[in-house]
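Below, each chain spelled out in residue letters.
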Amino acid sequence: MKSLRISAALGLLFRPSATPSVTALGLRAQTQTRWAHKSASSGVPLVPSPIPFVPDVETFLTLIGRGLKQHASKFPTWESLFTLSSDQLRELGIEPARTRRYLLRWRENFRYGKFGPGGDFKYVENGTADLRVLEVEKSPLVKDRRVVNVPPGKKVDELSPGEMVRPKGYHVERVKAIVGPYALPKGIQFAQVKVTEGMWEDKRGHKVDGGERRREEVRFKKRVAERKALREAQGYY
Ligand SMILES: *[C@@H]1O[C@H](CO)[C@@H](O)[C@H](O)[C@H]1NC(C)=O
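As the structure is a computational prediction, the values presented were derived from the model and not from experiment. (Residues numbered from 1 in each chain as written. Predicted model: local features only at pLDDT ≥ 70, side-chain atom pairs only at ≥ 80, totals over all residues. Heavy atoms only, no water.)

Honestly, helix H6 (residues 97-111) in this entry has me stumped. Any pointers?
In an α-helix, one turn spans 3.6 residues; hence positions three or four apart end up facing the same way. Under the 1.5 Å per step criterion, the end-to-end length of H6 is 21 Å for 15 residues, consistent within 8% with the ideal 21 Å. Turning to H6, the residues buried within the fold contact helix H3 (57-64), helix H4 (78-83) and helix H5 (86-91). Looking at the residues trailing H6, positive phi occurs at Gly113, about 75 degrees. (Helix = DSSP H or I, 4+ residues; strand = E, 2+ residues; numbered from the N terminus. Expected span 1.5 Å × (residues − 1). Contact = heavy atoms within 4.5 Å.)

Okay, here's the thing in structure tokens:
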């Protein structure tokens with residue numbers, strides 16, 4: 001139906017009485033203007049800037065997981081990652097279609113500044129960010145402890161408050177421990193977050209539930225087996 005209408009419209013455009021080429025060009029120019037206007041008014045760039053935690057194509061593909069990292073060398077530039085069409089991605093051998101859609105979805109998230117953990121880090125070197133604890137005295141007895149991202153090798157007392165960044169999703173537990181996504185303890189009030197494959201991967205809900213259900217089942221069977229072994233040992237069965 002739609003294609004019929006389109007060919008009818010094209011037929012109109014290319015009617016001998018009209019000046020076909022001019023009309024067609026005019027239409028294309030109009031469409032392009034509208035497009036450019038749209039993206040300008042929404043303020044979302046087609047090609048967003050890299051961020052400290054995601055400086056290049058390989059890191060982007062590593063973080064989003066699903067084996068996309070293996071395709072990193074097929075993208076000549078950061079721009080190409082954000083501008084290739086779904087068809088072009090298929091030509092590059094990014095299969096199946098579900099994986100291409102997944103990549104396109106993450107591309108869109110990134111454009112809109114919707115990052116995964118670590119996306120708000122300011123200091124990252126060689127794929128590693130240092131997190132430390134900033135203690136703020138609220139009263140002589142109460143201290144507020146916040147996780148801050150600091151330049152590599154720096155301690156909190158070597159920095160001014162303006163230089164420290166408070167990343168979302170990280171907090172302090174039991175005075176010393178930094179807790180949050182992929183935080184590896186490296187010392188007292190010190191942790192690192194490293195770029196890790198699949199760190200930003202969308203885990204499908206039903207799979208996680210299935211995993212939990214299965215775990216419950218395994219534990220239940222184990223408890224039954226333990227009780228049976230106990231009864232047998234006591235000479236009941
Ligand atoms: C990052 O890597 C470079 C080159 O391998 C090295 O010189 C530098 O010390 C590293 N930085 C950190 C913080 O480990």
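And the narrative resumes.
Whenever I open this one, the packing of H3 against H6 confuses me. Can you help?
Packed helices, taken two at a time, are described by the angle their axes make and the gap between the axes. Their axes nearest at 11 Å, the elements H3 and H6 cross at an angle of 115 degrees. The angle between H3 and H6 falls in the class roughly perpendicular. When you trace H3 past H6, the crossing you get is right-handed. Two secondary-structure elements touch here, H3 through Phe60, Leu61 and Ile64 and H6 through Tyr102, Leu103, Trp106, Arg107 and Phe110. (Axes fitted to C-alpha atoms, helices over the stretch in contact; angles between N-to-C directions. Parallel < 35°, antiparallel > 145°, perpendicular 65-115°, else oblique. Left-handed = near helix turned anticlockwise from the far one by under 90°.)

Just checking my understanding: could you explain the pairing of strand E5 (residues 183-187) for this structure?
Two faces make up the sheet, and in a regular strand the side chains alternate between them. One ladder, built from four bridges, connects E5 with strand E6 (residues 190-194); its direction is antiparallel. When the sheet's bridge partners are listed, Gly187 is paired in E6 with Phe190. Linking E5 to E6, which pair antiparallel, is a turn of two residues; within it Gln189 sits at a positive phi near 55 degrees. (Pairing = 2+ DSSP bridges.)

What's the story with the pattern of salt bridges in this structure? I'm lost.
Between side chains of opposite charge, a pair can form as their charged atoms come close. Inspection of the entire model under this criterion finds eight salt bridges. Taking the shortest distance from any N to any O, the salt bridge between Glu201 and Arg66 comes out at 3.8 Å. Of this pair, Glu201 sits in the loop between E6 and helix H7 (205-233) while Arg66 is found in the loop between H3 and H4, placing the two residues 135 residues apart along the sequence. Between Arg174 and Glu173 there is a salt bridge, and its shortest N-O distance comes to 3.9 Å. (Salt bridge = Lys/Arg side-chain N within 4 Å of Asp/Glu carboxyl O.)

Even after reading the chapter, I still don't get H3, so can you show me in this structure?
Here H3 lies mainly inside the structure; seven of its eight residues are buried. For H3, every residue scored as buried is listed here: Val57, Thr59, Phe60, Leu61, Thr62, Leu63 and Ile64. Of the residues one or two after H3, Gly65 is the one with positive phi, at around 70 degrees. (Buried < 20%, exposed > 50% of the residue type's maximum accessible area, 1.4 Å probe, protein only.)

No statement about biological role is implied by the geometric values presented.
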